[in-house]
Amino acid sequence: VKTVGAEDQEELVQDAIATAAQMLERLEKQGKQVTPGNIAYYTILHMKSGRRSHSCGRTDVMGSGTQLDHKSCVLSVETEVGYDPELDEPVRLGELLTCSKDDPSLEAGRNLDWEAFIESHDYRYGVIVKSTAEGNSMVEAAKECHLNYSTAIGLRNRLATELREFMGEEAVADSARVPAWRGNIMADKEKAACRVDRRRS
């Protein structure tokens with residue numbers, strides 16, 4: 001029996017034992033007598049056709065049967081899919097799947113927090129935040145709020161205090177923290193790189 005996708009021989013042996021046990025249990029419930037050779041023969045046929053103890057469907061993209069039908073395939077994230085001449089190194093599948101931007105759900109959550117804060121506080125806070133996000137100085141933000149510079153600075157300081165009370169002391173640290181999913185991918189890449197280095201040495 002050939003392995004399919006990410007399977008290995010030990011995994012196939014365990015799966016075959018589980019399949020044989022399921023088959024034997026069904027036959028015993030039906031009161032049928034079979035020889036161990038029959039169970040082994042049909043178990044091996046099941047394994048060759050891609051049927052597994054946990055699934056025998058052909059619609060699961062990760063299923064062995066689906067892969068044997070050439071309707072899907074499992075690739076390592078370290079699979080080389082191209083070459084970058086600028087960096088002079090291969091491009092791997094994992095690099096195409098990852099993104100340096102924030103997760104859309106995180107962005108949506110932050111926008112909701114900001115909207116709730118601005119709606120429940122001084123409307124001029126929104127003007128200051130928008131102006132700062134656009135890279136303008138406090139002088140320009142003060143002009144937009146129709147305030148003198150010192151009053152605008154006082155308003156900005158009050159904004160910072162009320163924002164900490166509203167979102168918590170850890171809000172800035174949370175916004176700068178690397179998302180867990182991205183950290184896991186980076187750790188996996190580092191482990192793979194270490195394995196490659198060990199093989200070379």
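Residues numbered from 1 in each chain as written. Predicted model: local features only at pLDDT ≥ 70, side-chain atom pairs only at ≥ 80, totals over all residues. Heavy atoms only, no water.

Trainee: In this structure, what is going on with the overall build of the protein? I would like to understand it.
Mentor: In terms of regular secondary structure, the protein is built from 10 helices and 2 strands. Each helix (α) and strand (β) of the protein, taken in turn from the N terminus, gives the series α-α-α-β-β-α-α-α-α-α-α-α. Across the protein, every contact between residues at least 6 apart in sequence was considered, and the portion connecting residues at least 24 apart equals 44%. For the protein, the exposed area adds up to about 14800 Å²; of that, 55% sits on carbon and sulfur atoms. (Helix = DSSP H or I, 4+ residues; strand = E, 2+ residues; numbered from the N terminus. Contact = heavy atoms within 4.5 Å. Areas by Shrake-Rupley, 256 points an atom, 1.4 Å probe, with all protein chains shown as cover.)

Trainee: Please clarify how the packing of aromatic side chains should be interpreted in this entry.
Mentor: Centre distance and the angle of the planes are the two values used to describe a pair of aromatic rings. Throughout the structure, instances matching the rule amount to 3 aromatic pairs. Aromatic side chains Phe 117 and Tyr 125 sit 6.0 Å apart centroid to centroid with 10° between the ring planes, which places their arrangement in the stacked category. An identical accessibility class is assigned to Phe 117 and Tyr 125; each is buried. Ring-pair connections join several aromatic residues into one group, and the members of that group are Phe 117, Tyr 125 and Phe 166. (Phe/Tyr/Trp six-rings, centres within 6.5 Å; stacked < 30°, edge-to-face > 60°. Buried < 20%, exposed > 50% of the residue type's maximum accessible area, 1.4 Å probe, protein only.)

Trainee: Help me understand the pattern of salt bridges, please; the structure alone is not making it clear to me.
Mentor: Pairs can form between side chains of opposite charge whenever their charged atoms are close. Within the structure shown, the criterion is met by 6 salt bridges. The partner of Lys 130 in a salt bridge is Glu 134, and the shortest N-O contact between them spans 2.8 Å. Judged by its relative accessible area of 49%, Glu 134 falls in the partly exposed class. Of the charged contacts in the structure, one is a salt bridge between Arg 158 and Glu 162, with a shortest N-O distance of 3.7 Å. Pair noted here: Arg 158 and Glu 162 are both in helix 8 (residues 149–167), with a separation of 4 residues, about one helical turn. According to the relative accessible area criterion, Arg 158 is partly exposed, its value standing at 40%. On the basis of relative accessibility, which here comes to 22%, the residue Glu 162 falls in the partly exposed class. (Salt bridge = Lys/Arg side-chain N within 4 Å of Asp/Glu carboxyl O.)

Trainee: Would you take a moment to explain the pairing of strand 2 (residues 89–92) for this structure?
Mentor: Sheet faces and side chains relate simply in a regular strand, where the side chains alternate between the two faces. Pairing geometry for strand 1 (residues 80–84) and strand 2, over 4 bridges, is antiparallel. Along strand 2, the bridge assignment pairs Glu 80 with Arg 92. Joining the antiparallel neighbours strand 1 and strand 2 is a turn of 4 residues, in which Asp 88 adopts a positive phi near 60°. (Pairing = 2+ DSSP bridges.)

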